[in-house]
Amino acid sequence: MKDIEQTTLTKIDAYFYTAILGEPETKEIQAKAFIDIREPINLLQQDYFNLLFDRIMPCVAGKKVWTSRDKMACTITDGGKITITDEAFTELCLLNYWDKWSTKGPAKWTDARKGNCSFKGWSNDAYQQFDSICNRIRAQRETDESKAMEMGFLDYAIKQYGRGTKRTRTGILEEGPEIFNELVEL
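Cut-off values and rules
Residues numbered from 1 in each chain as written. Predicted model: local features only at pLDDT ≥ 70, side-chain atom pairs only at ≥ 80, totals over all residues. Heavy atoms only, no water. Salt bridge = Lys/Arg side-chain N within 4 Å of Asp/Glu carboxyl O. Helix = DSSP H or I, 4+ residues; strand = E, 2+ residues; numbered from the N terminus. Buried < 20%, exposed > 50% of the residue type's maximum accessible area, 1.4 Å probe, protein only. Bend = angle between axes of the 7 residues up to and from the residue. Phe/Tyr/Trp six-rings, centres within 6.5 Å; stacked < 30°, edge-to-face > 60°. Axes fitted to C-alpha atoms, helices over the stretch in contact; angles between N-to-C directions. Parallel < 35°, antiparallel > 145°, perpendicular 65-115°, else oblique. Left-handed = near helix turned anticlockwise from the far one by under 90°. Contact = heavy atoms within 4.5 Å. Nonpolar A, V, L, I, M, F, W, Y, C, P; charged D, E, K, R; others polar. Core = buried A, V, L, I, M, F, W, Y, C linked by side-chain atoms within 4.5 Å. Polar contact = N/O pair within 3.5 Å; in protein donor to acceptor, adjacent residues only side chain to side chain.

Undergrad: Kindly report on the pattern of salt bridges, identifying the contributing residues and their values.
TA: Scanning all chains against the criterion turns up 7 salt bridges. Here Arg38 and Glu87 are joined by a salt bridge, their closest N and O atoms 2.6 Å apart. Placement of the pair is Arg38 in the loop between helix H1 (2-21) and helix H2 (46-61) and Glu87 in helix H5 (residues 84-103), with a sequence separation of 49 residues. Residue Arg38 is classed as buried on the basis of its relative accessible area of 0%. When its relative accessible area of 5% is taken as the criterion, Glu87 is described as buried.

Next comes the structure, spelled out in structure tokens:
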């Protein structure tokens, strides 16, 4: 019976990681790869930044809000589709639940058995952590390193979702023949 239970848990873990990150080989990624992702030292880890905003963020902001078209339109901050609170809540959830998802350990700030009903299961420490994360992200979004990571994500999104054509950020081909446009002469 224990073998069946262990096999079931292993399958659930595989489905979880596949749903969030899209590829089973990313199962070994730890939550810390996505925490404080805008820190300047993380500029070297652009792939994690891209995974966070391409695969995980639509689960928080909504797939109809953070569409492929929105990802290619402009940078994350300029687009306004992903708010500071969206980003902070994602980080808070990763910090809180990663051990529970990956090793069946307890959640960091939430526990259904503690009976914390006044805050819907989140402890005061989680709210303080959330506030701290929001303030950090707001400051980080203004740095040159963060803007460079967002431009890297924009380039990634254009390559990923640009339907195989070479496009600029405005959607016009970079190279090609000049095409007659009578409106230019007006």
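Further notes follow.
Undergrad: Got a sec to walk through H2? Specific residues and values, please.
TA: Most pronounced at Arg55, the bend in H2 amounts to some 35°, and the proline Pro58 follows within four residues. Following H2 by one or two positions, Gly62 has its phi on the positive side, about 110°.

Undergrad: Explain the packing of aromatic side chains residue by residue, including any values.
TA: To describe a pair of aromatic rings, one takes the distance between the centres and the angle between the planes. Across all of its chains, the model carries 6 aromatic pairs by this definition. Between Phe49 and Phe53, the aromatic rings sit 4.7 Å apart at their centres with planes inclined by 45°, giving tilted as the arrangement. Taken together, the residues Phe49 and Phe53, both in helix H2 and 4 residues apart, mark about one turn of the helix. Arranged with centres 6.1 Å apart and planes meeting at 55°, the rings of Phe53 and Phe153 form a pair that is tilted.

Undergrad: So what about the packing of H5 against helix H6 (residues 124-140)? Which residues, and what values?
TA: The geometry of H5 relative to H6 is characterised by a closest axis approach of 9 Å and an angle of 130° between their N-to-C directions. Judged by the inter-axis angle, H5 sits oblique to H6. As H5 runs across H6, the sense of the crossing is right-handed. Judged by residue contacts, Ile84, Thr85, Glu87, Ala88, Phe89, Glu91, Leu92 and Leu95 of H5 engage Ala126, Gln129, Phe130, Ile133, Cys134, Arg136, Ile137 and Arg138 from H6. A class-by-class count of the residues in the contact of H5 with H6 yields 10 nonpolar, 2 polar and 4 charged.

Undergrad: Tell me what's going on with the nonpolar core, and back it up with residues and numbers.
TA: Counting 24 residues, the largest nonpolar core has Phe34, Leu52 and Phe53 as the members making the most contacts within it. Contributions of two or more residues to this core are made by H2, H5 and helix H7 (144-161). Setting aside residues up to four positions removed in sequence, Leu52 forms contacts with Phe34, Ile37, Met57, Thr90 and Leu94. One finds Tyr97, Ala107, Trp109 and Cys134 within the second-largest nonpolar core, a separate group that totals 11 residues.

Undergrad: Help me get a handle on the side chain of Asp70, residues and values and all.
TA: Its place among the elements puts Asp70 in helix H3 (residues 68-73). If near-sequence neighbours (up to four positions away) are discounted, Asp70 is found in contact with Val65 and Lys81.

Undergrad: Outline the environment of Arg141, listing residues and values.
TA: Looking at the secondary structure, you find Arg141 in the loop between H6 and H7. For the pair Arg141 and Glu39, spaced 102 residues apart in sequence, the C-alpha to C-alpha distance is 9.8 Å. Discounting residues that sit within four places of it in the chain, Arg141 has contacts with Arg38, Ile76, Thr77, Ile82, Thr83, Ile84, Glu87, Ser146 and Lys147. Reaching out from Arg141, the side chain makes a polar contact with the side chain of Glu87 at a distance of 2.8 Å.

Undergrad: Please set out the environment of Glu142 residue by residue, giving values where relevant.
TA: Position of Glu142 relative to the elements: it lies in the loop between H6 and H7. The exposed category is assigned to Glu142, whose relative accessible area is 56%. As for Glu142 and Thr77, which are separated by 65 residues in sequence, their C-alpha atoms are 9.1 Å apart.

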